[in-house]
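# Structure at a glance
For reference, the chains in residue letters:
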Amino acid sequence: MTSHTSADTFPRQYARTLRYTVGAPRSFSVAPDGSRVVFLRSRSGRDRANLLWTLDTATGEERIAADPAALLGGDEEDLSPAEKARRERSREGSAGIVGYALDAAGKLAAFALSGRLFTADLATGATAELPAEGPLLDPRPSPDGAHVAYANTAGELRLTRTDGGGDRVLAEPDGPNVTWGQAEFIAQEEMDRDRGFWWSPDGDRLLVERADDSPVRRWWIADPANPDREPAEVAYPAAGGANAEVGLWLLDLHGGRTEVVWDREAYPYLGRVHWSKGGVPLLLVQSRDQRAQRILALDAATGATEVLHEEKDGVWLELFPGAPAWTPDGKLVRISDIEEVGEAPQKGGGGRREGVRALVIGDRAVTGADLHVRSVVAVTEREVFFSASGGAEETDPEPGWIGVGRISHDGTRLGWESANGRPFTSVTSAVHGGGITVRATAEPDLPGALVQVARDLPEGLAVDDVATIASYAETPVITARPVFRFAGERRIPAAVFLPTGYDRERDGLLPVLMDPYGGPHGQRVVQAHNPHLNSQWFADQGFAVVVADGRGTPGRGPAWEKSIAFDFAGATLDDQVEAVRALADEFPLDLDRVAIRGWSYGGYLAALAVLRRPDVFHAAVAGAPVTDWELYDTHYAERYLGDPAERPEVYAANSLSGYAAGLERPLMIIHGLADDNVVAAHTLRLSSALLAAGRPHTVLPLSGVTHMTPQEEVAENLLLLQVDFVKRSLGL
């Protein structure tokens, strides 16, 4: 890590470094022969422009494979609106090379810069710009490296030869709102699927998504600070409304095309596509209500599909990274929620879990109640690498650990990929290939993440360390000191932060600041350092800060996650109350002065807290809150709350405007006016309801700011303004 300047304050450094991610290595790939690791990293913690790097696993030597400054000749990056939207979906705030793809041998990398197409020969170090009709998106080499396929902002899927022999269209829009080769909004925002085309292992065909968003309702996002600019048109699939029509086609390189056929009316969501070497293509499709899904085998000659596995759930079904997949000998690998056999679970999903999220190979669940499986990292000839956290109380020494395990296809566990001899840390990313594992691990007492390259050994726990990939991220000017606990009868995962240098006899009880996300897919209590810096800084302003991952947050078992079904406003808020009251028995929490802050779902939870529980919460800062779930997208809102046409009472009970008359505590609402994920209408509607009820409140509109708030000055000052508001509201 690099040092900071003496003039740095935490808010300034935190904003400038994009939460200390600038300069840290990321986006790892391993060549199939294990000879090299490929990754992205900028030159320093003050430079947001990523370069493409390689690491030689024989020598540990790092080398720059592509430098965007050299390739662009010093010109500034020019991003298309489509690329900006794609980066917003993926929460990408950096610059330079933000993504790349490799050929099958791991020797050729393709990437986009300023909407132009570039390649890098990772063996020779040569780079080239290829002819392309841009601005382009998501270039991907064919397995043999002879071609690069890419989508562009005109909605086309195109193909260019890597020898410079020409560029041509493979599929072009057959309607005004049709795109080929691009993941639609819902896939990018909610399914964690940002790809829209997949090469066959032989490189002679592609599976290509065709999306038509004509049925989707149009919204208009204006910039009130610049009334001379036209509003941006956004096709936003709001809850209960139409989604884009998504299909899949097989395209060969000579113009032939075959439509992939499945029951799209019953299963309209295309969740996953997997096409491994020597394997039959796999599709995972979901019903609109996400209570049923099918894994389909695709006949690449005819486009017909066959149901391999069908799954149903009375609440919802999750999508998981890396699954489904094939083992080389043809066993299906998936992650599934299965019933636990044994001791009856306790009420509320605490202690022993109701159900198990298991790794399944073939017809057999190969993990049990001691683990909660989160993703499939890789499938090799003999093993499956997977990430998991604790599934049973005895395997949870503290909340928030995530590990990477190895298991043979017959279910024999081969141990954990550990960092510094400690498997129970927080694995922030892991990839595997060619007998090499690259893992980034974090620990609560070490800033940043340690990225280790290791060679697999057959002894299971043993690994042969090859190298450590350096991080150029800046060292934080403060040190986070989380104290982890399981809080209350439900054993809610929590982290508590006290001011640096706090002395109980001298300082007494502290005003409390709850700092949750508290909702689905947003685990905040993790065994790491940097994710807690923001909370520690708030603590150093004179607060006891509490982060609590109540029901609905990931990592604690299926019942824990699914107990919020149709009840955001009850379960998630109840657990914040239980956590702060339980922790007050051990920590110096002044329960007569409790504030709460949060962003996105955390913003919803913060506003909800002062609206419904003013007896507990005395002030709130709600950033970019969802206030009306009918204004949020289909895949998310309908998964948790159902169809608004069928359950209008659920949407009314879980939205905020109906509680406006109950506001009796200070509330600040912050919202970016350019936000196309949680649009500013959420805040405006709540503010109107509060005004109609005669309830004073504060609204802070952010001109030109999206959901991410990447602007350095905005991010810095937001922290300072929140502290000032909370202190004034609590009479400090």
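Residues numbered from 1 in each chain as written. Predicted model: local features only at pLDDT ≥ 70, side-chain atom pairs only at ≥ 80, totals over all residues. Heavy atoms only, no water.

### Some details on the overall build of the chain
- A tally of regular secondary structure across the chain gives 13 helices and 44 strands.
- Taken over C-alpha atoms, the radius of gyration comes to 25 Å for the chain, in line with the 27 Å a tight globule of 732 residues would show.
- Projected onto the principal axes, the alpha-carbon positions of the chain cover approximately 70 × 60 × 55 Å.
- Here the chain holds 732 residues, and 57% of them are scored as buried.
- Put simply, 62% of the contacts in the chain that link residues at least 6 apart link residues at least 24 apart.
- Accessible surface for the chain amounts to roughly 27,900 Å². Of this, 49% is attributable to carbon and sulfur atoms.
- For the chain, the centre of its 72 positive side-chain charges and the centre of its 105 negative side-chain charges are spaced 2 Å apart. (Helix = DSSP H or I, 4+ residues; strand = E, 2+ residues; numbered from the N terminus. Rg over C-alpha atoms; globule rule 2.2 N^0.38 Å. Buried < 20%, exposed > 50% of the residue type's maximum accessible area, 1.4 Å probe, protein only. Contact = heavy atoms within 4.5 Å. Areas by Shrake-Rupley, 256 points an atom, 1.4 Å probe, with all protein chains shown as cover. Lys, Arg positive; Asp, Glu negative; His and termini not counted. Charge placed at Lys NZ, Arg CZ, Asp CG, Glu CD.)

### Here's the deal with the pairing of strand β42 (residues 619–623)
- Where burial is concerned, most of β42 is hidden: five out of the five residues are buried.
- Here five bridges tie strand β41 (residues 589–599) to β42, and the two strands are oriented parallel to one another. Counted as the bridge partner of G598 is A622 from β42.
- Pairing geometry for β42 and strand β43 (residues 667–672), over four bridges, is parallel. Residue A622 lies in a different strand from β43, and its bridge partner there is I669. (Pairing = 2+ DSSP bridges.)

### Some details on the sheet that holds strand β39 (residues 510–514)
- In spatial order, the strands read β37-β38-β40-β39-β41-β42-β43-β44; together these eight strands make up an open sheet with mixed pairing. Of all the strands in the sheet, just β37 (483–487) and β44 (698–702) have a single pairing partner and so form its edges. Going from strand to strand, the sheet's axes swing by 20 degrees on average, the running direction of each strand aside.
- Here β37 pairs with strand β38 (residues 492–497) via five bridges, running antiparallel. Paired with A487 across the strands is I492, a residue of β38.
- Sitting on the sheet, helix α12 (residues 681–692) is in contact with β43 and β44, with an inclination near 150 degrees to β43. (Axes fitted to C-alpha atoms, helices over the stretch in contact; angles between N-to-C directions.)

### Section: the sheet that holds strand β7 (residues 108–113)
- Taken in spatial order, the four strands make up an open sheet running β6-β7-β8-β9, and their pairing is antiparallel. Edge positions in the sheet fall to β6 (101–102) and β9 (127–130), since each of these pairs with one other strand and no more.
- Here four bridges tie strand β8 (residues 116–121) to β9, and the two strands are oriented antiparallel to one another. What sits directly across from L117, in β9, is L130.

### Some details on the nonpolar core
- In this structure, F568, F617, W629 and L667 are the most contacted members of the largest nonpolar core, which totals 78 residues.
- In terms of residue count, helix α9 (residues 601–612) provides more of this core than any other element does, nine residues in total.
- Residues in contact with F568, not counting those within four places in the same chain, are P520, L573, Y601, Y604, W629, Y636, Y640, L641 and N654.
- In terms of nonpolar packing, the next biggest core, distinct from the first, is built from 30 residues, V525, A595, V726 and L730 among them. (Core = buried A, V, L, I, M, F, W, Y, C linked by side-chain atoms within 4.5 Å.)

### A closer look at helix α10 (residues 634–641)
- Most of α10 is tucked away: eight of the eight residues are buried.
- When α10 is considered as a whole, its buried residues turn out to be T634, H635, Y636, A637, E638, R639, Y640 and L641.
- Among the residues of α10, the N-terminal cap falls to D633, whose side-chain oxygen and the backbone nitrogen of H635 are separated by 3.2 Å.
- With its phi angle positive at about 85 degrees, G642 sits one or two positions after the end of α10. (Polar contact = N/O pair within 3.5 Å; in protein donor to acceptor, adjacent residues only side chain to side chain.)

### Observations concerning helix α13 (residues 712–729)
- Across its 18 residues, α13 extends 26 Å between first and last C-alpha, which sits within 8% of the 26 Å expected from 1.5 Å per residue.
- All of the buried residues along α13 are E716, L718, L719, Q722, V723, F725 and V726.
- In the core, the buried residues of α13 are packed alongside α1 (10–16), α6 (533–540), β41, β42, β43 and β44.
- Where α13 ends, the next residue or the one after it, G731, has phi of about 75 degrees, a positive value. (Expected span 1.5 Å × (residues − 1).)

### A look at the confidence of the model for the chain
- Per-residue pLDDT for the chain averages 91, and the proportion of residues at 70 or more is 92%.
- For residues 341–353, every residue scores under 50 in pLDDT, and the model assigns this stretch 27 contacts once sequence neighbours within four places are set aside. (pLDDT = per-residue confidence, 0-100.)

### Side note on the side chain of S276
- By the element assignment, S276 lies in the loop between β21 (269–274) and β22 (282–286).
- Exposure remark for S276: the relative accessible area of 19% places this residue in the buried category.
- Within polar-contact distance, the side chain of S276 engages the side chain of H274 at 3.3 Å.
- Once you skip the residues sitting within four places of it in the chain, S276 turns out to touch P201 and W326.

### Here we look at unusual backbone geometry
- Here G134 and P135 are connected by a cis peptide whose omega angle stands at -5 degrees.
- In this fold, P135 is placed in the loop between β9 and β10 (136–141).
- In this structure, the amide linkage connecting A323 to the following residue, P324, adopts the cis form with an omega of 5 degrees.
- Structurally, the position occupied by P324 is in the loop between β24 (305–312) and β25 (325–326).
- The residue R19 is not glycine, and still its phi comes out positive at about 65 degrees.
- When you line up the elements, R19 lands in the loop between α1 and β1 (26–30).
- Its relative accessible area of 47% is what places R19 among the partly exposed residues.

### Re the pattern of salt bridges
- In this structure the tally under the stated criterion is 37 salt bridges.
- Here E233 and R218 are joined by a salt bridge, their closest N and O atoms 3.1 Å apart. Of this pair, E233 sits in strand β18 (residues 232–235) while R218 is found in strand β17 (residues 218–221), placing the two residues 15 residues apart along the sequence.
- With its nearest N and O atoms 2.8 Å apart, the salt bridge here joins D590 to R593.
- Through salt bridges that share partners, D313, D337, R357, E561 and K562 make up one connected network. (Salt bridge = Lys/Arg side-chain N within 4 Å of Asp/Glu carboxyl O.)

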